[in-house]
Amino acid sequence: MNHRQEEQFPGVLAIDAGNSKTDVALVSAEGAVLGTARGGGFQPQLDGAEQAVAALAPLVEEAARQAGLRPGGVLARHVSACLANADLPIEEQRLGAALAARAWGRTSHVANDTFGLLRAGTDGPRGVAVVCGAGINCVGLLPDGRTARFPALGHLTGDWGGGGGLAAEAMWHATRAEDGRGGPTALAAAIAAHFGLSGATAVAEAVHLGRVDRVRLHEIVRVLFATAEGGDPTALQLVDRQADEIARLAVVALTRLGLLGEATPVVLGGGVLAARHPLLIDNLTARLAGAAPLAEPRIVVAPPVLGAALLGLDRIGAGPAVQQRLRSAYPTTAPVAA
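This text gives an overview of the structure that appears in the document.

What counts and how
- Residues numbered from 1 in each chain as written.
- Predicted model: local features only at pLDDT ≥ 70, side-chain atom pairs only at ≥ 80, totals over all residues.
- Heavy atoms only, no water.
- Helix = DSSP H or I, 4+ residues; strand = E, 2+ residues; numbered from the N terminus.
- Contact = heavy atoms within 4.5 Å.
- Areas by Shrake-Rupley, 256 points an atom, 1.4 Å probe, with all protein chains shown as cover.
- Buried < 20%, exposed > 50% of the residue type's maximum accessible area, 1.4 Å probe, protein only.
- Arc of directions from axis to C-beta.
- Pairing = 2+ DSSP bridges.
- Axes fitted to C-alpha atoms, helices over the stretch in contact; angles between N-to-C directions.
- Patch = residues over 30% accessible without salt bridge, like charges linked within 9 Å, V, L, I, M, F, W, Y side chains within 5 Å.
- Salt bridge = Lys/Arg side-chain N within 4 Å of Asp/Glu carboxyl O.

Let's shift gears to the overall build of the protein. For the protein, the helix and strand inventory stands at 15 helices and eleven strands. Oriented by its inertia axes, the alpha-carbon framework of the protein measures out at about 70 × 50 × 35 Å. In the protein, the share of contacts with a sequence separation of at least 24, taken over all contacts with a separation of at least 6, comes to 69%. About 15100 Å² of surface is accessible on the protein, with carbon and sulfur atoms providing 53% of the total.

This part is about helix α4 (residues 57-66). All of the buried residues along α4 are A57, L59, V60, A63 and A64. The arc that holds the buried residues of α4, viewed along the axis, is 165°, so those residues lie on one side. A positive phi of about 80° marks G68, the residue just after α4.

Here we come to the sheet that holds strand β4 (residues 76-83). Spatially, five strands are ordered β3-β2-β1-β4-β5 in an open sheet, and the strand pairing comes out mixed. Across the chains shown, the open sheet's two edge strands, defined by having one partner strand only, are β3 (33-39) and β5 (105-112). Averaged over neighbouring strand pairs, the angle between their axes works out to 10° when direction is ignored. Taken together, the six bridges between strand β2 (residues 22-27) and β3 define a ladder with antiparallel strand orientation. The partner of A25 across the bridge, within β3, is T36. Sitting on the sheet, α4 touches β1 (12-17), β2 and β3, and the angle it makes with β3 is about 150°.

Positive phi, close to 70°, is recorded for N85, a residue that is not glycine. Position of N85 among the secondary structure elements: in the loop between β4 and α5 (89-102). What makes N85 buried here is its relative accessible area of 15%. Look at A152: it is not a glycine, yet its phi comes out positive at around 55°. Counting through the fold element by element, A152 comes out in the loop between β8 (147-149) and α7 (162-179).

Below, the discussion takes up a nonpolar patch on the surface. A surface patch of nonpolar side chains, amounting to about 370 Å² of accessible area, comprises L88, I90, L153 and L156. Judged by its relative accessible area of 39%, L153 falls in the partly exposed class.

Summed over the entire model, instances satisfying the criterion amount to 13 salt bridges. For D179, the salt bridge identified is with R181, shortest N-O distance 2.8 Å. Its relative accessible area of 42% is what places D179 among the partly exposed residues. We classify R181 as exposed; its relative accessible area is 55%. D244 is the partner of R248 in a salt bridge, and the nearest nitrogen-oxygen pair spans 2.6 Å. One end of the pair, R248, and the other, D244, are both in helix α11 (residues 233-256), four residues apart, so they sit about a helical turn from each other. Residues participating in the shared-partner salt-bridge network are D240, D244, R248 and R287.

What follows is the structure in structure tokens.
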């Protein structure tokens, strides 16, 4: 393909596929957003790499239609995909092969979705990012390509929290409070009221029997924070532990990369963090100030697909002006108040 033919295609097809939702954007080589689409979660660990990538096709086609392109064939110069559950090298390889087989771009690259968060919150390849959304993960990156990563395979590899984890912990305490195995907590009544059922145990039974969609368990995170704000000790303990886990991830990544003694951005994102609950953010900020006083925490309020698109623009050699034009199409990254 010659240069004139290359110019006929948008610069980047950006894909951010998280555990709970997926965003796709077609971006011109000049940084303009031409088409977008949103869909459900991305779970190749359950569906397999090829099937999970194939499920992205309707979103890619919708973004193409908005951009005035005919779906099918090459749609962009480069496909930049930041994918949840691309945690191990073999998973990145399988997803990369499945994505390349779709031939949506002349070139393509797969990275864990946490790298997209990091790029959305920084101007270059230096910093640490912690995502706390449906799950929890962390990466760190240096300009020379060195990284700090975690397996992020859930409880098996020492992970704790995220929306799914917090909901499960809240249910654990609530049901034990009801049946006498645990101490009292306001979470039991709050969860029951949220779902309009007689108790937290009734909620568990309704989920088990399919009367309540399991995905609705994530709603318990809002209940948890509201209960914590009301002063419930159990709910407060869970929020405190989540802040501790996020801070631990960031500090370990900073330490591995030799950045603990330097001013370094710590990018925070994912639904739990983006909600900016003061109980969590104030606790986390205090912990970072004590363990990594030079860290510069900031919360990404833009959709993570921005990071995937910026990584794609990096790949095709777009300059700062183009990247700034793209950033202007999305909300800004907000520093965490001291």
